[in-house]
Amino acid sequence: MLLSESISTNFFSLAPWLVFAPVLGLLVNVIFGGWFLKRAWGETAVGTVASLASGAAFVVSALLAWSVYASGGHGESVFLAQWMHIGDPSTGSGQALILDWTFRVDSLSTTMMLVVSGVGTLIHIYAIGYMHEDVRFKKDEKRYQRFFVFLNLFIAAMMILVSGDSYLMLFVGWEGVGLCSFLLIGFWYDMDTLGRSSWANSNAAKKAFITNRIGDLGFLIAGFLMFWAFKSFDFDTVFTAAESASPELIVLITLFMLVGVAGKSAQIPLYVWLPDAMAGPTPVSALIHAATMVTAGVYLISRSAPLYTLVPEAQYVVAMTGAATALFAATIAVGQYDIKKVLAYSTISQLGFMVAAVGMGAFVAGMFHLVTHAFFKALLFLSAGSVILGLERGHHHLAHHGHGTPKSPDFGHAGAKSDARSQETLDSGHPEEVFDPGDMRNMGGLRKTMPVTFWLYLIGTLALAGIFPFAGFWSKDEILADAFREGYTGVYWLLTIAAFFTAFYMGRQIWMVFFGEPRHEAAAHAEESKPVITVPLMVLAFLSIVGGALNLPGLHTFTEWLEHTIEVHAGEFVMSVALISTALALAAIVISWLIYGRNPLKAGQPDPLKKPLGLLFTGMENKWFVDEGYKAVFLDNYVRISKFLADVIDWRFWHDWFHEKVIAGAYNWLSNVALNEYADQKGIDAFANGLGEWTKEVSASLRRIQNGFVRSYALSVLLGVVLILGYLLLK
Amino acid sequence: MTVDLILFLILALVAVATAAGMLFSRNAVYSALFLVLNFASIAVFYLLLGAPFIAMAQITVYAGAIMVLFLFVIMLLGAEQLAPIKVLPWQRPLAIGLAAVLVAETAYLLILRAKPAADIIPPAETVNTLGELQRLGMALFNQYLLPFEVTSILLLVAMVGAIVLTKREKGERE
Amino acid sequence: MVPEIYYLVLSAILFTMGALGVLARRNALIIFMSVELMLNAANLAFVSFANTYQQLNGQIIVFFVIAVAAAEVAVGLALIVAIFKSKHSIDVDQMSSLKG
């Protein structure tokens, strides 16, 4: 006990290293990365530095969590630096803006820190292997360094987000992770997944960035309202002041905050960026767009729990948004063919679960699902990345050994740049036959060629589908049980149906990817990944299995952990709810077997659901045409307005008439007549020329003094001495 | 009229006379010899002022080394006398006038503006003792060590500079 | 004891004579010697002050002045020799190439 006391008091001061460790890592890689990469061991060094930086953040997180535990769960605020102090709160009207960089270390933030840095470190390690192959596939090995710099930057920004002590510090991290997301989605900004010249990825990055900005506007307005009403951004000040504020104001603040959450956590109506964000490398999809960044919205609502619990109306809106998103995205996931797109919609759906949970006030259930989801969704994404790499290897193998005709531009030319690459695509003459390693219709039978990945993927699937006793079962069930008990009947049924779809699309994916016969030669020749890729997956798989133990019914470990920070109520285990959801999940898996497993898909065959569901499946396949709808309603009108502004207002009115006629005309008159003729020629020129003439005359007479005789110069010196001495005497 | 004062006046007369001799000698060799005499009389002043070390340095370095160097160069160049040409007619009268003004100013400054000697309280410890040379050495090698070392470098540089300046370049004909 | 002021007046007279030499003579060597005379005049003032105030600093300055003067003479005479080599004269009035 002496040890725990002496240690616990010291660890809080380590909090700034949460941010500085990754920043240090990224600086090392920025400065020395290029030098590393010129050497054979360079990639390992870059990856190790980045992983160690992230690992250091994890160690710090663990020490902080221990400190929180040892201090009785209360945590501490660690002041680091003064950001800005405007005004003095103690004098005058008391209006002041006091902002400090303070780390809030409590049970909620340390939970997020552990997830971010823990999963983050595993993904860093995975990325060492993944990016090694990816940069070679895309033929630009210099970007290896940049990837890890961005990844460390993301960890640093995410740590600022979760450790902020005020809404503004949280917003700094919020924007920081948004930037990293943009940078990493557009990591291969000038080529598509196959390495062909294309701007699709950078467009996806822009879409994510701009959609998030819409959400951030909502968050900003919430922040402005907050400061206007409470004169502070600090969590504690705001929460205390909010209790005596008018409920209408709190509703406004919480709903505007929900807009921000919808942007960052991909909820209706701003979820559209997340599926496109899969354009980033797979570790990015796993880390940023599944496990950590997108859960920032859930964290924000949990953090703002004291605000939300004041206004049940807002809570209801949040819960319904989450539940609707959960079901809506789950249906889209059923109709997707890209292995990562399915997971992307699954992520949106699961985020819907979490948002619904925190909306209902079940903050513990939401955070619990956040943690377990981070484990199994990261596992699924990384395994999907392993599958894609396996197929690429198989394809590469084909292209080199001549089994059949290579169906994409050859990968043999090293160092080909984008222009050359597109030229090759044109030369090959079969652009429609290009092989897509992410398309599930090209897979099949991978169970035999990639056994390790298969088992890992299966564990992730079972955890996501909510099968007992995997992690997902416990967390999802807690959300459903809370919805049931709290009387959110609508939310409960939406989520239950979404859970059914979840199990169904995951079953479909398993059958399509790993069972049946290979539908493409590349799948037949797929190779298993290296340990650097599979070992982090095994750790995640282990966590996906046992993660549920965090908050087992009856024990409530996690509930007790969080109760010091946010208001909690111990979720009770409802047997009927658990039975219904498990039965539905099992039923969904059986149905998926009946459709996809019993009669495996053949190459070129359309999806078996297409015929019976007809239009419904077309909708799912095409994401319910939401993107097209947004384009018709927002984008096209936006472009129309922009064109009107550009052509009519800017060009014809401002440029042709106002600038050319009014401004330029007046300016010409002023400059030609008034200024040039009178002011310049007769005024300034005359003066300047006269000055020049005068200088010439004076210098001509002074020139005689410069006679070249050193003795007369000495005489001048003596004259000076005499004069100065005389002046001193007469003074 | 103490003995000191009589001695001073005689030596001052010698100093001014030799300086004038240097100034007005047509022959550069005479000028140099007058200057040696002048330096010697100043060395005696140093002795009178209780600075025996400086007096010896004056004799050896100035009257000895430096003036020998001057004589050597005068003989080497063989330019004891210059052809009388008038280039700057106003130079000489102007110089004499300015010099007169300078002397007047300085004398005025020293005699009328200077602090009366009575106001100066000399420290109890006097430097005019046998131990003075030792103290000079201590001060030179402790307090003034850095300037001393810098001076040695300066002498080295001067030596190198003199050699470089007078060295005959390769291929240069005399 | 001779009053300090006598020494200072003598020093001023010698300094002015040196300055006069620099201004009035055309022989570079004599100009140079006049400079030495000015240095000595200053030295005399320093030693006189050192005696009046019973401080060693004045003597030490003189010591350095002598050392610097030695260096100066070495370089200066070398310069005069070099000039004589190219101009065959040490008349400073014939060195007026820098006339503006």
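Coordinates for the structure precede this section.
Right, let's walk through the structure included here. The structure displayed is predicted, hence computed values, not measured ones.

## Considering the overall build of chain A
Right, on to step 1. Along its length, chain A carries 29 helices and two strands.
Right, on to step 2. Each of the 731 residues in chain A was classed as buried or not, and the buried ones make up 53%.
Right, on to step 3. The contacts of chain A with a sequence gap of at least 6 include a subset with a gap of at least 24, amounting to 80%.
Right, on to step 4. Roughly 30,800 Å² of accessible area belongs to chain A as shown, and the carbon and sulfur atoms make up 68% of that amount.

## Quick look at the interface of chain B and chain A
Right, on to step 1. The interface is formed by 14 residues belonging to chain B together with 14 residues belonging to chain A.
Right, on to step 2. When chain B packs against chain A, close to 1,200 Å² is buried across both sides, 75% of that on carbon and sulfur atoms.
Right, on to step 3. Among the residues chain B hides against chain A, the three largest losses belong to Gln91, Leu98 and Glu105 of chain B. Together they make up 44% of the total.
Right, on to step 4. Here chain B is connected to chain A by zero salt bridges.
Right, on to step 5. In terms of residue class, the side of chain B that touches chain A is built from 10 nonpolar, two polar and two charged.

## Some points on a nonpolar patch on the surface
All names here are of chain A.
Right, on to step 1. A cluster of nonpolar residues, Leu27, Val30, Ile31, Phe32, Trp35 and Trp41, forms a patch on the protein surface that exposes about 620 Å² of accessible area.
Right, on to step 2. By the secondary structure assignment, leucine 27 is in helix α2 (residues 17-37).
Right, on to step 3. Residue classification places leucine 27 among the partly exposed residues on the basis of a relative accessible area of 41%.

## Examining the packing of aromatic side chains
The geometry of an aromatic ring pair is captured by the separation of the ring centres together with the interplanar angle, meaning the angle of the planes.
Right, on to step 1. Counted by the stated rule, this structure contains 52 aromatic pairs over all chains.
Right, on to step 2. Taken together, a centroid distance of 6.2 Å and an interplanar angle of 20° make the contact between tyrosine 316 of chain A and tyrosine 488 of chain A stacked. With tyrosine 316 of chain A in helix α14 (residues 312-334) and tyrosine 488 of chain A in the loop between α20 (471-486) and α21 (489-514), the pair connects residues that are 172 residues apart, well separated along the chain.
Right, on to step 3. The class for tyrosine 316 of chain A is partly exposed, based on a relative accessible area of 46%.
Right, on to step 4. Accessibility expressed as a relative area gives 15% for tyrosine 488 of chain A, which makes it buried.
Right, on to step 5. Ring centres of phenylalanine 70 of chain B and phenylalanine 32 of chain C lie 5.4 Å apart, and the angle between their planes is 70°; this geometry places the pair in the edge-to-face category. In this pair, phenylalanine 70 of chain B is assigned in helix α3 (residues 52-77) and phenylalanine 32 of chain C in helix α2 (residues 28-53), connecting two distinct chains.
Right, on to step 6. Judged by its relative accessible area of 0%, phenylalanine 70 of chain B falls in the buried class.

Each value, and the rule that gives it
- Residues numbered from 1 in each chain as written.
- Chains lettered and ligands numbered in written order.
- Predicted model: local features only at pLDDT ≥ 70, side-chain atom pairs only at ≥ 80, totals over all residues.
- Heavy atoms only, no water.
- Helix = DSSP H or I, 4+ residues; strand = E, 2+ residues; numbered from the N terminus.
- Buried < 20%, exposed > 50% of the residue type's maximum accessible area, 1.4 Å probe, protein only.
- Contact = heavy atoms within 4.5 Å.
- Areas by Shrake-Rupley, 256 points an atom, 1.4 Å probe, with all protein chains shown as cover.
- Buried area = accessible area lost by both parts, 1.4 Å probe.
- Salt bridge = Lys/Arg side-chain N within 4 Å of Asp/Glu carboxyl O.
- Nonpolar A, V, L, I, M, F, W, Y, C, P; charged D, E, K, R; others polar.
- Patch = residues over 30% accessible without salt bridge, like charges linked within 9 Å, V, L, I, M, F, W, Y side chains within 5 Å.
- Phe/Tyr/Trp six-rings, centres within 6.5 Å; stacked < 30°, edge-to-face > 60°.

No statement about biological role is implied by the geometric values presented.
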